[in-house]
Amino acid sequence: MRATCATIHLGALRENLRRVRELAPGARVMAVVKADGYGHGLERVARALEGADAFGVAGIADGQRLRAAGVSQRIVVLSGLDEPGDLAEMRRLRLDPVIHCDAQIDALAADLDPRPLRVWLKLDTGMHRLGFPPERARAAWARLRALPCVDRDITLMTHFANSDVFDDAQTTRQIEAFERGVAGLDGEHSLSNSAGILGWPEAQGQWVRAGGALYGISVVAGRIGADFGFRPAMTLSTRLVAINRIRKGESVGYAATWQCPEDMDVGVAAIGYGDGYPRQAGAGTPVLLNGRRAPLIGRVSMDLITLDLRGHPEAKIGDSVVLWGRGLPVEEIAEHAGTIGYDLTCGVTRRVRFVEDDGA
Ligand SMILES: *Cc1c(COP(=O)(O)O)cnc(C)c1O
């Protein structure tokens, strides 16, 4: 059996939720669990985060999975409705749609079911992806308020584009644009994602929407989750399956990108891009071999990577290799691969065995 394994630390998820509450004491917490809980497993994450006040998903299918798993909290579908049948399904499952465009209000207006849905009205304050421009928020809100099938409790929300840069003027402009757009409108406010929670305490409103922070991942350049008191919720690991003595001048791996500068031991570990380890990770990307760093050499292949064992004379077949997680921040590996930590945890593939660690 392949030793490749993603251990999900349920205690870290719980602890990270506690930390989010500590940082946003006046707000309720929507735990964002899109993309299968950022790759950690939707149902398992929801179970560990049962203390959250709501869950945020990207589409109805995830709402179906959460209700089937017994989740009773509010579930917010962050991109709202897009197909004609969506409304009936949202009502059946008590999912809250985010309403970001007129076509969605038209669909609600055409709906004859009188049972009210709770909706979140999204303003586009500068991200320029989804939402009403602030100057049109009042009209959208009034249209929704007038519909019998919409609950009177409408939450007003927006999303930041650059809140991970803590002194960036764009976020200040977004907060001001939001406040202008919602002035005088009834409803709770929700502005902040994880970086907003960390860097923009003035923007917490009544609801924060935490994703990455709950998984212990930072999006702030040069910082890791631990710098903000978060613990990694995933450790990706495997084992050493071969150790080979390779002669000076010989190359290692596809395209012969790495040459041995001396006679040396090369370790082979059972993980590759077929498991979601990034192919872009170049020579020098660290792994933890028996808890100590060893550098990757050569190209990442589909099932295997190769390691420079010159600093590990004690290494033997079967030894543990950690790719990221406890002891090796995923943010650091992401940096080597030219991406962000979220991309790596979301990308772990189905052939990897997932194991739950229920310890602290
Ligand atoms: C993904 C998402 C979040 C969570 O973002 P993080 O940076 O992971 O905390 C919050 N709000 C919306 C609308 C999102 O799409």
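The residue numbering used here restarts from 1 in each chain and proceeds along that chain's sequence as written. Note on the predicted model: pLDDT of at least 70 is required for a residue's local features to be given, and 80 or more for side-chain atom pairs to be given and counted; whole-chain, interface and lining totals, by contrast, use all residues. The side-chain figures draw on all heavy atoms in the structure; neither hydrogens nor water molecules are used.

## What about the side chain of Thr-125?
Working step 1: Helical segments are the DSSP runs of H or I of at least four residues, strand segments are the runs of E of at least two, and each set is numbered from the N terminus. Along the polypeptide, Thr-125 turns up in the loop between β6 (120-123) and α7 (137-145).
Working step 2: On the basis of relative accessible area, Thr-125 is assigned to the buried category, the value being 11%.
Working step 3: Polar contacts, as counted here, are pairs of nitrogen or oxygen atoms within 3.5 Å of one another; within protein the pair requires one atom able to donate a hydrogen and one able to accept it, and residues that are adjacent in sequence qualify only if both atoms are side-chain atoms. In terms of polar contacts, Thr-125 uses its side chain to reach the side chain of Thr-158, at 2.8 Å.
Working step 4: A distance of 2.9 Å separates polar atoms of two side chains, one belonging to Thr-125 and the other to Gln-174. Three labels apply to residues, based on accessible area from a 1.4 Å probe with only protein chains included: buried if under 20% of the type maximum, exposed if over 50%, partly exposed otherwise in between.

## Digging into the packing of helix α4 (residues 60-68) against helix α5 (residues 86-93)
Working step 1: It is at 11 Å that the axes of α4 and α5 come closest, and there the two elements cross at 25 degrees. Between α4 and α5, the angle falls in the class roughly parallel. Like other packed secondary-structure pairs, α4 and α5 cross with a definite hand, here left-handed. Of the residues in α5, those in contact with Ile-60, Gln-64 and Arg-67 of α4 are Asp-86, Glu-89, Met-90 and Leu-93.
Working step 2: Counted by class, the contact of α4 with α5 contains three nonpolar, one polar and three charged residues. Between the N-to-C directions of two axes lies an angle of 0 to 180 degrees, each axis being a line fitted to C-alpha atoms and, for a helix, fitted only over the stretch in contact. Should an angle fall under 35 degrees it is taken as roughly parallel, and over 145 as roughly antiparallel, whereas 65 to 115 is taken as roughly perpendicular and any remaining angle as oblique. Here is the rule for handedness: rotate from the far helix to the near one, and if that takes an anticlockwise turn smaller than a right angle the crossing is left-handed, while a clockwise turn gives right-handed. Whether two residues are in contact is decided by their heavy atoms: any pair within 4.5 Å suffices. Following the grouping adopted for this structure description, the nonpolar residues are Ala, Val, Leu, Ile, Met, Phe, Trp, Tyr, Cys and Pro, the charged ones are Asp, Glu, Lys and Arg, and the polar ones are all others, Gly among them.

## Thoughts on the domain arrangement of the protein chain
Working step 1: Under the domain assignment, the protein chain is made up of domain 1 (10-223) and domain 2 (234-357).
Working step 2: Residue ranges assigned to the domains are those given by an automatic or database domain assignment. Domain 1 and domain 2 are separated by 37 Å when their C-alpha centres are compared.
Working step 3: If you look at the interface, domain 1 gives 15 residues, while domain 2 gives 10 residues.
Working step 4: A quick way to say it: buried area is the sum, across both parts, of accessible area lost when two parts are put together, with a 1.4 Å probe. The junction of domain 1 with domain 2 conceals about 1200 Å² of combined surface from both sides, 57% of it contributed by carbon and sulfur atoms.
Working step 5: Note on definitions: salt bridges are taken to be side-chain nitrogens of Lys or Arg within 4 Å of carboxyl oxygens of Asp or Glu. On inspection of domain 1 and its partner domain 2, the count reaches two salt bridges.

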